[in-house]
Amino acid sequence: MVNILLVGSGGREAALEWKLKQSKLVDQVFTAPGNAGSINNLPYGSEDIHRLVDFAHEHHAFTVVGPEAPLSAGLVNTMEDDGLEAFGPSKEATQLESSKIYAKKFMKRQNIPTPEFEIFDEYDLAEKYVESRRPGVVVKADGLASGKGVFVCSNLEETRSALRTLLIDRQLGSAGEKVIIEETLGGKEASCFFISDGNQVIPFSSAQDHKRIYDGDKGPNTGGMGCYSPALLSQDVQDEVTQIANRTISGMKHEGVPYKGFLYLGLMIADDKPHLLEFNVRLGDPEAQALLPRCSSDLFPYLKACVDGDLPKMEPMDWTRRHSVCVVMASGGYPNKFDTGKKISGLTDMSVPQDVHVFHAGTKKEDDNILTNGGRVIGVTALGDTVRAARDVAYVSVSRISWDGEYHRKDIASSACKEQ
Ligand code: AMP
Ligand code: GLY
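Residues numbered from 1 in each chain as written. Chains lettered and ligands numbered in written order. Predicted model: local features only at pLDDT ≥ 70, side-chain atom pairs only at ≥ 80, totals over all residues. Heavy atoms only, no water.

**Topic: the overall build of the chain**
- For the chain, the count of helices and strands is 13 helices and 22 strands.
- Scaling as 2.2 N^0.38, a compact globule of 420 residues should have a C-alpha radius of gyration of about 22 Å, and the chain matches this with 21 Å.
- Its C-alpha atoms give the chain principal-axis dimensions of roughly 60 × 45 × 40 Å.
- Burial statistics for the chain: of 420 residues in total, 55% are counted as buried.
- Sequence-distant contacts, at least 24 apart, represent 68% of the contacts inside the chain between residues at least 6 apart.
- Of the roughly 17900 Å² of accessible surface on the chain, 47% is carried by carbon and sulfur atoms.
- The average position of the 46 basic charges and that of the 59 acidic charges among the side chains of the chain differ by 3 Å. (Helix = DSSP H or I, 4+ residues; strand = E, 2+ residues; numbered from the N terminus. Rg over C-alpha atoms; globule rule 2.2 N^0.38 Å. Buried < 20%, exposed > 50% of the residue type's maximum accessible area, 1.4 Å probe, protein only. Contact = heavy atoms within 4.5 Å. Areas by Shrake-Rupley, 256 points an atom, 1.4 Å probe, with all protein chains shown as cover. Lys, Arg positive; Asp, Glu negative; His and termini not counted. Charge placed at Lys NZ, Arg CZ, Asp CG, Glu CD.)

This is how it looks when you write it as structure tokens:
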């Protein structure tokens, strides 16, 4: 039996904790720092690398890192250098997410289909370039920006404004000192997940996120307001996406930066062909909350096989054919300013139907109360034989949970219900 040290505090980590606790090989799951839903919380998070290393030694723990920031800061490297086992990519490999320029150049070298792009670090040159093109481009900051670094611009004025924000006003600091200007693609978005040991990949199913704050995909981008899983993709598209994942892993190995961990491909499906928009070096959030309840395999042996370079010994993972829908409940005002400390009610309602998972994200415990403590507060995932069935159950459960100022989208998975 092994202990798990799970690093992070969001809904993704809540879903990972729930899943890993079911493993026959796992004794206890400790979360650093966790939230009000997690059982064994440590009083520190990823900023305290030395205490995490000490804890992992003392408890013979296998570390699983959820978010991108500690991965990009090299937490897995530090653990490995200390002789510990940790699941996730190295600092060098996280450049696939932490630098969009690194990612786009890599895609080009590996012949991975992706929208055409140019790189700029000066406003005047960038402006001249967009003036010479048809309007309608996407401007992206090079560095990590929690979803705030991408501007889908429909006309020249919006493009100038995005370029000014990044290159002149430096609103994202060094993350925006270089930008990509990319061709806009129309189509259907999908997120496809894999796990890798550096040599090969095993598919980890797919999901469709809803990134904008308001119904009808209006308003600013967020970390994700809800999703459904699996994404509704043809077998041909799924096969091509798996080829992209394989090309990524073999390309990284060939370039001397082997990639181990979860791999997240953010895709646009245009004319029934996948085009890669971005890599992420982790599971998505809320996607993990919709994916993991559909996974019937024991997760831990797969994570261990990735760390050991033993993935070829493993069978493909089992995924239920059922559908899941996750609705995120957020603090009013998110993704901008919002209040915290609101008392949440309805969480202990015993009439929550079977096949529903209530995952905590921005929550904290105070005395006997559970209070809001972040932008995205609770994720409610339901399973069903159809997307519609899962969606209906998810929304019934959402309606039982409340706090002052609670906000959620009312249209998660509604277009998928029509498609299915
Ligand atoms: P990214 O972080 O690169 O995935 O971009 C965030 C979001 O911006 C994506 O999920 C898309 O909705 C949108 N987006 C990014 N690149 C493009 C593109 N080339 N064409 C159309 N939409 C895009
Ligand atoms: N939900 C999008 C992400 O995790 O990046």
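**Observations concerning the packing of aromatic side chains**
- Across all of its chains, the model carries eleven aromatic pairs by this definition.
- Ring plane angle 40° and centroid distance 5.1 Å describe the contact between F120 and Y129, whose orientation is recorded as tilted.
- Taken together, the aromatic side chains of F87, F204, F262 and W319 make up a single cluster linked through ring pairs. (Phe/Tyr/Trp six-rings, centres within 6.5 Å; stacked < 30°, edge-to-face > 60°.)

**Considerations on unusual backbone geometry**
- The omega torsion of the bond from A32 to P33 falls at 0°, within 30 degrees of zero and hence cis.
- Its location among the elements puts P33 in strand β2 (residues 26–33).
- With omega at -5°, the peptide bond leading from S229 into P230 counts as cis.
- Topologically, P230 is positioned in the loop between β14 (226–229) and α9 (235–254).
- At R170, a position not held by glycine, the phi torsion is positive, near 50°.
- Residue position: R170 is located in the loop between α8 (156–168) and β9 (179–183).
- In this model, D272 sits at a positive phi of 60°, which is unusual for a non-glycine residue.

**Thoughts on the sheet that holds strand β6 (residues 117–120)**
- Within the open sheet, the four strands sit side by side as β6-β9-β7-β8. Their pairing is antiparallel. This sheet does not close on itself; its edge strands, each paired only once, are β6 and β8 (150–153). Neighbour-to-neighbour, the strand axes of this sheet turn through a mean angle of 20°, independent of strand direction.
- Taken together, the four bridges between β6 and β9 define a ladder with antiparallel strand orientation. Residue pairing in the sheet places E118 in a bridge with I181 of β9.
- Strands in contact with helix α7 (residues 123–131) are β6, β7 (137–141) and β9; relative to β6, the strand with the most contacts, it is inclined by about 155°. (Pairing = 2+ DSSP bridges. Axes fitted to C-alpha atoms, helices over the stretch in contact; angles between N-to-C directions.)

**Here's the deal with the environment of W319**
- One can find W319 in the loop between α11 (300–308) and β17 (323–331).
- The spatial distance from the C-alpha of W319 to the C-alpha of G88 is 22 Å, given a sequence separation of 231 residues.
- The contacts of W319, once residues within four sequence positions are left out, are P203, F204, S205, L291, R294, C295 and S296.

**Overview of the site of ligand 1**
- Taken together, 15 residues lie near ligand 1, and K140, E182, L185, E189 and E278 sit nearest.
- At 2.7 Å, a side-chain N or O of E182 approaches a nitrogen atom of ligand 1.
- At a separation of 2.5 Å, an oxygen atom of ligand 1 approaches a polar side-chain atom of E189.
- For ligand 1, whose free accessible area comes to 470 Å², the fraction covered by protein is 89%. (Near = heavy atom within 4 Å. Polar contact = N/O pair within 3.5 Å; in protein donor to acceptor, adjacent residues only side chain to side chain.)

**A short note on the site of ligand 2**
- Around ligand 2, the neighbouring residues are D209, G223, Y264, N280, R282, G284, D285, P286 and E287.
- Separating a nitrogen atom of ligand 2 from a backbone N or O atom of D285 is a distance of 3.0 Å.
- In isolation ligand 2 exposes 200 Å². Once the protein is present, 89% of that is buried.

**So, the packing of α7 against α8**
- Taken N-terminus to C-terminus, the directions of α7 and α8 make an angle of 160°; their axes are 10 Å apart at the nearest point. Put simply, α7 runs roughly antiparallel to α8. Considering the relative orientation of α7 and α8, their crossing is right-handed. Across from Y123, A126, E127, V130 and E131 in α7, the residues of α8 making contact are L156, T159, R160, L163, R164, L167 and I168.
- Looking at the contact of α7 with α8, its residues break down into seven nonpolar, one polar and four charged. (Parallel < 35°, antiparallel > 145°, perpendicular 65-115°, else oblique. Left-handed = near helix turned anticlockwise from the far one by under 90°. Nonpolar A, V, L, I, M, F, W, Y, C, P; charged D, E, K, R; others polar.)

**Re the sheet that holds strand β4 (residues 61–65)**
- With parallel pairing, the five strands of this open sheet are ordered in space as β3-β2-β1-β4-β5. At either margin of the open sheet sits one strand with a lone partner, and together these are β3 (40–41) and β5 (86–87).
- Note: β4 against β5, two bridges, orientation parallel. Following the sheet pairing, V64 is matched in β5 by F87.

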